[in-house]
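Understanding the architecture of this molecule
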Amino acid sequence: MEQKKDKVVHTIRISGFFNTPPSEKEIYQAMREFERLQRILRWVPIFFLAVLGAIFFAVMKLFELNFPAFILITISTVIILKEVSTVLFSLHMRKRLMKPLERLRVAVEEISKGNYGFTVEEEQFNMVGDLIASFNRMSVELKEAEELKERYEQNRKELIAGISHDLKTPITSIIGYVDAIQSGVATTDEKREKYLSIIESNAQYTNKLIDDLFLFSKLDINQMQYEFTRMPICEFLQDVIIEKQLELEENGVEVSYEIHISQDMQLAIDGKMVYRIMSNIMSNAIKYGNKETPKIHIDATEIPDGVKVAISDNGQGVSQENLEQIFDVFFREDISRNKEIGGTGLGLSIAKQLVQAHGGTIFASSKVGKGTSITFTLKDQKLQEDKDE
């Protein structure tokens, strides 16, 4: 009964091993077991020769004792055939099992040295082939994980460098103008007012940068709390656009829009975060838009289970090599990171994460000299009351 239980447990373990990619530890343990089997199989030919010698010696002794020759030959033939079949099976096992496993052992050693992505070429359709296929998947996944780790590390370094630069510039400016006021450089009320205005502008910029960093850090570690509420999405988008339109037209920006969404369509979204998405994208459009006659066009359309919003500007456009990077942290088309352009370099990165939190996607298209369009989608979020129903 105890043996039967052990057999069942062993079968379950092997089945699970091949259904899911094995860990490096499991691969190593399997290699140890197969190495032990390989050492045993290496002794089979020697054992075969020893048995043949013993048979020959026994037959000679039996002949000396006048044992019937027919019976001796029959027994000897059966024993020899058995041993020959054992040797042939051993050679077949060495070819079909041990050689592939030897290559797999070498691959495991390469992985242990950190050479992730090292794979074994094998076309066998048996348990060994399954093991090698699982190992290759594990090796590729380890390589992808290592590359992702390196990208995160590089992004972290760029984030620290960006924060340092963007905080140091306004703080240095504030210190300089405060020192100028205290030392009496600003001798007139007009000059003092100008200096104070610059100090206020830099303080507001620094405060916005810190707010954006705080929001970005919460998004990055998945600590953001969302308040999804079902609402008429057409009315919501129209209210946001009109509010931003009034604000931007006061600064000389022409805003136009088209909304092709049913008035009855209800969507569960976090209104505050969607407002932040649109505000960040529109701020980016102004920042890189046409400085003489800035224009922004917003087009909102209905899609299955959600909406699609495209925000376009008439600016200088973004080069194709930089188009994929505009959603990266602290990326700016202006490599000098000139503060006069405005913004913190976090706006589109934050917008991307907020869109993804709504189950949507975001992408950009651009033509140099004609402008850039950023399009995002929002999907309906299931609320608790929806799940209860």
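Residues numbered from 1 in each chain as written. Predicted model: local features only at pLDDT ≥ 70, side-chain atom pairs only at ≥ 80, totals over all residues. Heavy atoms only, no water.

Time to look at the pattern of salt bridges. Evaluation of the coordinates by the stated rule reveals three salt bridges. Across the pair D380 and R230 runs a salt bridge, and its minimum N-O distance is 3.2 Å. Placement of the pair is D380 in the loop between β7 (371-379) and α11 (384-388) and R230 in strand β1 (residues 229-232), with a sequence separation of 150 residues. A relative accessible area of 29% places D380 in the partly exposed class. When its relative accessible area of 30% is taken as the criterion, R230 is described as partly exposed. (Salt bridge = Lys/Arg side-chain N within 4 Å of Asp/Glu carboxyl O. Helix = DSSP H or I, 4+ residues; strand = E, 2+ residues; numbered from the N terminus. Buried < 20%, exposed > 50% of the residue type's maximum accessible area, 1.4 Å probe, protein only.)

Contact geometry of helix α7 (residues 233-249) with helix α8 (residues 271-287) gives a least axis separation of 11 Å together with a crossing angle of 40 degrees. In terms of crossing hand, the pair formed by α7 and α8 is right-handed. On α8, the residues touching F236, L237, V240, I241, E243, K244 and L248 of α7 are G271, V274, Y275, M278, S279, M282 and I286. Within the contact of α7 with α8, the residues separate by chemical class into 10 nonpolar, two polar and two charged. (Axes fitted to C-alpha atoms, helices over the stretch in contact; angles between N-to-C directions. Left-handed = near helix turned anticlockwise from the far one by under 90°. Contact = heavy atoms within 4.5 Å. Nonpolar A, V, L, I, M, F, W, Y, C, P; charged D, E, K, R; others polar.)

Attention shifts here to the packing of aromatic side chains. Considering all chains together, one arrives at two aromatic pairs under this definition. Geometrically, the ring pair formed by Y177 and Y195 is edge-to-face, given 4.9 Å between the ring centres and 65 degrees between the ring planes. In this pair, Y177 sits in helix α5 (residues 127-182) while Y195 sits in helix α6 (residues 189-220), placing the two residues 18 residues apart along the sequence. Residue classification places Y177 among the partly exposed residues on the basis of a relative accessible area of 27%. Both rings, one in Y226 and one in F228, keep their centres 5.7 Å apart while their planes meet at 20 degrees; by these two values the pair is stacked. Given a relative accessible area of 24%, Y226 falls into the partly exposed group. Residue F228 is classed as partly exposed on the basis of its relative accessible area of 25%. (Phe/Tyr/Trp six-rings, centres within 6.5 Å; stacked < 30°, edge-to-face > 60°.)

Turning to the side chain of S139, a few remarks are in order. Along the chain, S139 turns up in helix α5. For S139, a relative accessible area of 0% translates into the label buried. A polar atom in the side chain of S139 sits 3.0 Å from the backbone nitrogen of G117. Here S139 is in contact with I111, Y116, G117 and F118, once residues within four sequence places are set aside. (Polar contact = N/O pair within 3.5 Å; in protein donor to acceptor, adjacent residues only side chain to side chain.)

The next subject is the nonpolar core. Formed by 48 residues in total, the largest nonpolar core has its most connected members in I233, I281 and F376. Once residues lying within four places of it in the same chain are set aside, the contact partners of I233 are I261, M265, L267, I269 and V307. One finds L101, A107, L131 and F135 within the second-largest nonpolar core, a separate group that totals 11 residues. (Core = buried A, V, L, I, M, F, W, Y, C linked by side-chain atoms within 4.5 Å.)

In this section: the packing of α6 against helix α10 (residues 347-357). Orientation of α6 relative to α10, taken along the N-to-C sense of each, is 35 degrees, at an axis distance of 10 Å. α10 is crossed by α6, and the crossing has left-handed handedness. Between α6 and α10, the residues in contact are D212, L215, F216, L219 and D220 and S349, I350, Q353 and L354, respectively. A per-class count over the contact of α6 with α10 returns five nonpolar, two polar and two charged.

This part is about the confidence of the model for the chain. When pLDDT is averaged across the chain, the result is 76; 68% of the residues are at 70 or more. Taken element by element, the chain is modelled with least confidence in helix α1 (residues 2-19), mean pLDDT 37, and with most confidence in strand β5 (residues 306-313), mean pLDDT 94. pLDDT under 50 marks residues 1-19. Its contacts with residues more than four places away, or in other chains, come to 10 contacts. (pLDDT = per-residue confidence, 0-100.)

What follows concerns α6. In this model α6 runs 46 Å from its N-terminal to its C-terminal C-alpha over 32 residues, within 8% of the 46 Å that 1.5 Å per residue would give. Where α6 is concerned, the buried positions are Y195, I199, N202, Y205, T206, L209, D212, L213, L215, F216 and L219. Positive backbone phi, approximately 55 degrees, marks N222, located one or two places after α6. (Expected span 1.5 Å × (residues − 1).)

Another aspect to go through is empty space enclosed by the protein. One simple way to see leftover space: roll a probe sized like a water molecule over the atoms. Using the criterion set out here, one finds two cavities of 30 Å³ or more in the structure. What the second largest cavity holds in volume is close to 30 Å³. Around the second largest cavity sit I281, N284, A285, I311, D313, T372 and I374, which together line it. Going through the elements one at a time, α8, β5 and β7 are the ones with two or more residues in the lining of the second largest cavity. Among the elements that take part in the lining of the second largest cavity, α8 stands out by supplying three residues, more than any other. Taken together, the residues of the lining of the second largest cavity sort by class into four nonpolar, two polar and one charged. (1 Å grid on protein atoms, 1.4 Å probe; cavity = no way out; pocket = protein on both sides within 12 Å on 5 of 7 lines; lining within 4 Å. Points joined across faces, edges and corners; volume = space filled by probe spheres on them.)

With that settled, the discussion passes to the side chain of D270. Mapped onto the secondary structure, D270 falls in the loop between β3 (266-269) and α8. No salt bridge is formed by the buried D270; the nearest opposite charge belongs to K272, separated by 6.7 Å. (Lys, Arg positive; Asp, Glu negative; His and termini not counted.)

A few words on the environment of R105. Following the sequence through the fold, R105 ends up in helix α4 (residues 69-112). Judged by its relative accessible area of 21%, R105 falls in the partly exposed class. Sequence separation between R105 and V120 is 15 residues; the distance between their C-alpha atoms is 9.8 Å.

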